[in-house]
Structure formats: structure tokens, C-alpha cells
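Letter by letter, the chains look like this.
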Amino acid sequence: MINTASGYSSPAKVVSKMSIPRNLRFLQRKVILTQWGQNAAFSSRSLPMNTVILFVPQQEAWVVERFGKFNRILEPGLNFIFPIVDKVKYVQSLKEVASEVPEQAAVTSDNVTLGLDGVLYTKVFDPYKCSYNVENAEFAIKKMAQTTMRSEIGKITLDTVFRERETLNVNIVDAINKASEPWGISCLRYEIRDMTLPLRINEAMQMQVEAERKKRASILESEGIREADINVAEGKKRAKILNSEAFQTEQINIANGEARAIQLMAEAKAKAVTQVAEAIGQQNGMNAVGYSIAEQYVDAFGKLAKTNNTMILPANTGDVGGMVAQAMTVYKNLSNLDQIKSETAEST
């Protein structure tokens, strides 16, 4: 028996304390606390005490062991367990849990290193599997998300990562669900939060964006110039068409006017000839015709020297009466010829 300040200690206790060094006991306590914290990652709170009557909250599943062996899972509400022999070993939360996936490096298929982190949304669908099939569910699911992300990133190029971000998230969720099904955990969705690029790649992408914008600006400017030239050409073409149509209309109007003038002149001459013929048929009509012919002869003879330098004159230029008599003879012959034609037409 060894006397201590607090009383007497049995030899067994003294031997047990002396046989285990103090640093080993500290490491044991640290390992136990670490394991408890890891196992409680999906738990809503600390393990409850066995008070025989237990009230399980909604969206929680309490795993009960009897004599260290799985017995049953307590449902939400009022539950009874045996004291001493029964123990609540695990408390699993059935709510959706959001976990941060730490940043990690991933290499694309075109050898570009990316720094990626994300948010993982999981939910426990089988408390038994989550309690007994995996030691640290949260740690395992995060590592699975990281490795799956690296694997999926390695299959695509850098440009595809930006374009197919949603597809990448879906592929990661499918791969995690296949691996986490024995653990009783379902991955609902995964979202890539931040993406860090190397400095040179970032600068190259900025230059590419600037070049693309300059290209678009040049294309837009050239298209604007082309549209302006097309508009100017269309305007000139339209102006020429309008001018030609106006000229055509003007010529048609002029032609119509000339035709109308000719028609009116012909009608006037016809009326004049008719009046002359009527006048000839009257008394002394032939004398009037002779007088008119003589007058026209004298007038025409007076204009000969005004138009040309070279003139051809008849031999009897001064014989006005002979010229009038000759003109009247021609007129009588034409009249007789017209009369014969009319009589012949009437007889046939």
C-alpha cells in the first residue's frame, strides 16, 4: 500500500499508472479525441447519455449498440432503451450538409496547372452504413471529391474547363456517388467555387481576350464601312434610275407634244386645203388661185439670193405670167386625173 496525499491507492492502480508513460497517455487521449471529432463530422451534436427515456429530434438518427454490438436505430420522437447494456454510439444528421473542399492543384490534358476548390453538398441516406462502413465520412468524401476532380480535369483541356463547367460538376457528382454508396452517403451536387490560373496563363488569356475584342472591333468597323459604301452605291443607283425615268418621261412628253403639234398642223392644213378647194369652186376661183401662185412666185424669187450663193434660174425668169399659166396647167391636169379616177371607181 502506498500512501498518497489523497488517500490510499491499490497496488494495481499504481502499477497501471507507472507502466504507461505520461506521453503515451497523452497521445492516446489525442487519438481518441481526433477519432471522435472525425466520426462526429456528420453528427448534429455530441452523444447523449442513456437516460432510459430518450427524445430523438427530427432529421436525426441515433445508432444504439447493445453490449458493443449494433442493436437498432432510434427514430425521431419518444424512444426507450435499457440502461447500462444499451448505448447511443452514433448520432447521424439526415440533413443536407455543405462541406468546403480545400484548394488543390489539377493538371489539364494540355498541361496547364489549375488551383481549384469547391463546395460539396452531401446527405446521409443510411445511418448504419455511415456509422460502420467508414471511419471518417467527411474526410473520406472530401478526399474522394478532390481525387475525382483531379481525374476529371485531367481528361479535358483548359478551354473546355471554362465551357463545360456544369458538365464537369455533374461528372464529379456521379463518380462520388458510385464510390460513396457503400458509406451510406449521397452526393447531391458539387460546385467549383474558385479557379486559380498561373500568372503567365492568365496574362496570355488577357492578351487573347484583348486580341479577340480588337478583331471584333475591326470586323465591325469594316462592316460599317461596307454598309456605308453599299448605301452610297444604292443611293447613286437609285438617283440614276430616277434621272433616267425623269428623262424618259420628259422625252415621251416632248414626243407627244410634237406629235400633237404635227396632228394639229395637219388638221389645219387639211382645213385650209378644204377651204381653198371650196374657194376654187366658186366664181372667179381660178383667178384667185393664179393671183396666189403669182404672189408666191414673186416672194420665193425674192428669197433666192438670201439663202445660197449659187443659184439655178429658169430662162424666162421675168415672165411671171408664163409661170402662172404653167402652174395652172399642172393644176388642171391633176384635177382631170383625180376626176377620171373617181369616175372609174364609181363605174366598177
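Refer to the structure above for everything that follows.
The strand order across the open sheet built from three strands is β8-β9-β10, with neighbouring strands paired in antiparallel fashion. This sheet does not close on itself; its edge strands, each paired only once, are β8 (97-107) and β10 (185-196). On average, adjacent strands in this sheet sit at an angle of 25 degrees to one another, irrespective of strand direction. Relative to β10, strand β9 (residues 113-124) runs antiparallel, the two being bridged by 10 bridges. In the strand pairing of β10, Y121 is matched with R189. Relative to the sheet, helix α4 (residues 137-153) contacts β8, β9 and β10, its axis offset from that of β8 by approximately 40 degrees. This element, helix α6 (residues 165-180), spans β9 and β10 of the sheet and lies at about 140 degrees to β10.

This next bit is on the packing of aromatic side chains. Here the structure, examined in full by the defined rule, presents four aromatic pairs. Relative to Y132, the ring of Y90 has its centre 5.5 Å away and its plane inclined at 80 degrees; by these criteria the two rings are edge-to-face. Note that Y90 is positioned in strand β7 (residues 86-93) and Y132 in helix α3 (residues 127-132), a separation of 42 residues in sequence. Using a relative accessible area of 29% as the deciding quantity, one classes Y132 as partly exposed. Residues Y128 and Y132 carry aromatic rings whose centres are separated by 5.1 Å and whose planes lie at 40 degrees to one another, so their mutual orientation is tilted. Taken as a pair, Y128 and Y132 lie in helix α3 at a separation of four residues, close to a single helical turn. Joined through ring pairs, the aromatic side chains of F70, Y90, Y128 and Y132 make up one cluster. Over the ring of Y121 we find R189, and its NZ or CZ is 4.2 Å from the ring centre.

About the criteria used
Residues numbered from 1 in each chain as written. Predicted model: local features only at pLDDT ≥ 70, side-chain atom pairs only at ≥ 80, totals over all residues. Heavy atoms only, no water. Pairing = 2+ DSSP bridges. Helix = DSSP H or I, 4+ residues; strand = E, 2+ residues; numbered from the N terminus. Axes fitted to C-alpha atoms, helices over the stretch in contact; angles between N-to-C directions. Contact = heavy atoms within 4.5 Å. Phe/Tyr/Trp six-rings, centres within 6.5 Å; stacked < 30°, edge-to-face > 60°. Buried < 20%, exposed > 50% of the residue type's maximum accessible area, 1.4 Å probe, protein only. Lys NZ or Arg CZ within 6 Å of the ring centre and 35° of its normal.

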